[in-house]
Amino acid sequence: MLPYLCTRLLHKYSIHYLMCIVHARTQRIEFMINYFYMLAITTLFALSQPNIKLQVLGSGGPESGDKRASSSYLIWVDGKSKVLIDFGGGASLRFEEVNAKIEDLDVILLTHLHVDHTADIPVLLKSSFFTRASGNLHIYGPSNNDFMPSTQEFIERLFEDNHGAWHYLGDHLDCKARLQLKTHTIKDTRTVKSIYTQGNLHISAISVHHGPIPAIAYRVQIGNKSITFSGDMNGDYHTLEKLAAGTDILVAHNAVPKGASGVASKLHMTPNIIGQIAKQSKTKMLILSHRMLRTLGKEAESKREIKKYYKGNIKFANDKSYYMLK
Ligand SMILES: [Zn+2]
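In this text the structure is predicted, and so the values were computed from the model without any measurement.

Points about the coordination of the zinc ion
- Coordination sphere of the zinc ion, protein contribution only: Asp-116 (OD), His-117 (NE2), Asp-232 (OD) and His-290 (NE2), at 2.1 to 2.2 Å.
- Metal-centred angles of 89 to 167° between the four donor atoms at the zinc ion mark the site as irregular.
- Mapping the donors of the zinc ion onto the primary sequence gives the spacing D-H-x114-D-x57-H. One end of the pair, Asp-232, is in the loop between β10 (225–229) and α6 (240–243); the other, His-290, is in the loop between β12 (285–289) and α9 (299–307), and 58 residues separate them in sequence.
- Look at Asp-232 and you get buried, because its relative accessible area is 2%.

Below, the structure is given as structure tokens:
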């Protein structure tokens, strides 16, 4: 009897043991399949996300003496210079120095039409003649008011065939030249407006307050990464917070110091305002640019003011400095 019972028990537990092994192996195989599946998805996602670099071409404002080019930024996508934001005096030299190519450009975004944001546009257009640049180069900017022309009028006054100041470049507007400048005027908008889409590149815009000057802030989204540009503004419209919500990088203009008042504070954000907007928008990194003699040398003070609200990473821009988006 005893040997029989032992055999039964042995048999029973052997089967149980075998089943446990089979179950464990099945679980292990399932785990391995899931692991490799997730690895493949992650790898594919990483490969599909382009390599994005923000480069500062001009970190200064309109004054001489700051030893900086005026306002301008370039977004590189997979090693190509794709999106240009503003192009003030000196930016064309920086564009050349960083080996950017006009033929790779798709879009130019003008935050407003002040000289320190637009002066080198004719230089860029003329220099395209000596390159293989062709097709459409889109240029966006604000609408008109009593102080400023619309972006369409601005470009026509510069280049139009009959009356433009540089009408010899008019071929770039009337389909005769290889490279055609396609101008788009953005109407005043207090809500985020989508203005351009090409593949995984999406650009949206919103109006911002820059004294009496029509001005636009832009958000450039590439895949799951984004960079938002304040342009010149003082924060009165409370619109930048909406545009920059959750952005990876906010480029804000540090044109006036703590305690600025009068005209300066109607045109530009104090560090205090920059800090509040960066906090509200939950921006991941803040870059301070459009640095002027009145803010240069006051970096520690500006940073202290901003940090009262914003606890993230803060950088001060210099010409040609760049930031990778990973
Ligand atoms: Zn400016």
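Focus: the side chain of Thr-151
- Structurally, Thr-151 is set in helix α5 (residues 151–159).
- With relative accessibility at 0%, the residue Thr-151 sits in the buried group.
- Contact partners of Thr-151, with chain neighbours within four places excluded, come to Leu-110, Leu-113, Tyr-140, Gly-141, Pro-142, Thr-183, His-184 and Thr-185.

Digging into empty space enclosed by the protein
- Going through the model one piece at a time under the given rule, you end up with one cavity of 30 Å³ or more.
- Taken as a whole, the largest cavity spans an internal volume of roughly 40 Å³.
- Lining the largest cavity are Ile-102, Ile-108, Ile-121, Leu-124, Leu-125, Leu-137, Leu-179 and Leu-181.
- Secondary-structure elements contributing two or more residues to the lining of the largest cavity are α4 (121–127) and β6 (179–186).

Considerations on the packing of aromatic side chains
- One pass over the full model with this rule turns up four aromatic pairs.
- When the ring of Phe-129 is compared with that of Phe-130, the centres are 5.1 Å apart and the planes differ by 85°; the resulting orientation is edge-to-face. We note that Phe-129, like Phe-130, is exposed.
- Relative to Tyr-196, the ring of Tyr-140 has its centre 6.2 Å away and its plane inclined at 80°; by these criteria the two rings are edge-to-face.

Some points on the layout of surface pockets
- Of the voids in this model, the largest pocket is the one considered here, and its volume is about 200 Å³.
- Lys-126, Ser-128, Phe-129, Ala-133, Tyr-168, Leu-169, Asp-171, His-172, Lys-176, Ala-177, Arg-178 and Leu-179 together form the lining of the largest pocket.

Section: the sheet that holds strand β8 (residues 201–210)
- The strand order across the open sheet formed by seven strands is β7-β8-β9-β10-β11-β12-β13, and the pairing between neighbours is mixed. This sheet does not close on itself; its edge strands, each paired only once, are β7 (193–198) and β13 (313–316). Neighbour-to-neighbour, the strand axes of the sheet open up by a mean angle of 20°, direction not taken into account.
- In this fold helix α8 (residues 271–281) packs onto β11 (249–253) and β12, with an angle of close to 165° to the strand it touches most, β11.
- In this fold α9 packs onto β12 and β13, with an angle of close to 155° to the strand it touches most, β13.

Notes on the nonpolar core
- Core analysis: the biggest nonpolar cluster contains 30 residues, and Leu-54, Ile-75 and Leu-109 have the highest contact counts within it.
- For this core, the element with the most residues is strand β9 (residues 213–222), which contributes four residues.
- Dropping the residues within four chain positions of it, Leu-109 is found in contact with Val-83, Leu-84, Ile-85, Asp-86, Tyr-140, Ile-195, Ile-203, Tyr-218 and Val-220.
- In terms of nonpolar packing, the next biggest core, distinct from the first, is built from 29 residues, Phe-87, Leu-125, Ile-155 and Phe-159 among them.

A closer look at the packing of α8 against α9
- Contact geometry of α8 with α9 gives a least axis separation of 7 Å together with a crossing angle of 40°. Considering their axes alone, α8 and α9 lie oblique with respect to each other. Between α8 and α9 the crossing geometry is right-handed. Counted together, Pro-271, Asn-272, Ile-274 and Gly-275 of α8 and Ser-302, Glu-305 and Ile-306 of α9 form the full contact between these two elements.

The rules behind each value
- Residues numbered from 1 in each chain as written.
- Predicted model: local features only at pLDDT ≥ 70, side-chain atom pairs only at ≥ 80, totals over all residues.
- Heavy atoms only, no water.
- Donors = N, O, S within 2.8 Å, 3.2 Å for Na, K, Ca; no water.
- Tetrahedral: all angles 85-135°; square planar, octahedral: opposite > 155°, others 65-115°.
- Helix = DSSP H or I, 4+ residues; strand = E, 2+ residues; numbered from the N terminus.
- Buried < 20%, exposed > 50% of the residue type's maximum accessible area, 1.4 Å probe, protein only.
- Contact = heavy atoms within 4.5 Å.
- 1 Å grid on protein atoms, 1.4 Å probe; cavity = no way out; pocket = protein on both sides within 12 Å on 5 of 7 lines; lining within 4 Å.
- Points joined across faces, edges and corners; volume = space filled by probe spheres on them.
- Phe/Tyr/Trp six-rings, centres within 6.5 Å; stacked < 30°, edge-to-face > 60°.
- Pairing = 2+ DSSP bridges.
- Axes fitted to C-alpha atoms, helices over the stretch in contact; angles between N-to-C directions.
- Core = buried A, V, L, I, M, F, W, Y, C linked by side-chain atoms within 4.5 Å.
- Parallel < 35°, antiparallel > 145°, perpendicular 65-115°, else oblique.
- Left-handed = near helix turned anticlockwise from the far one by under 90°.

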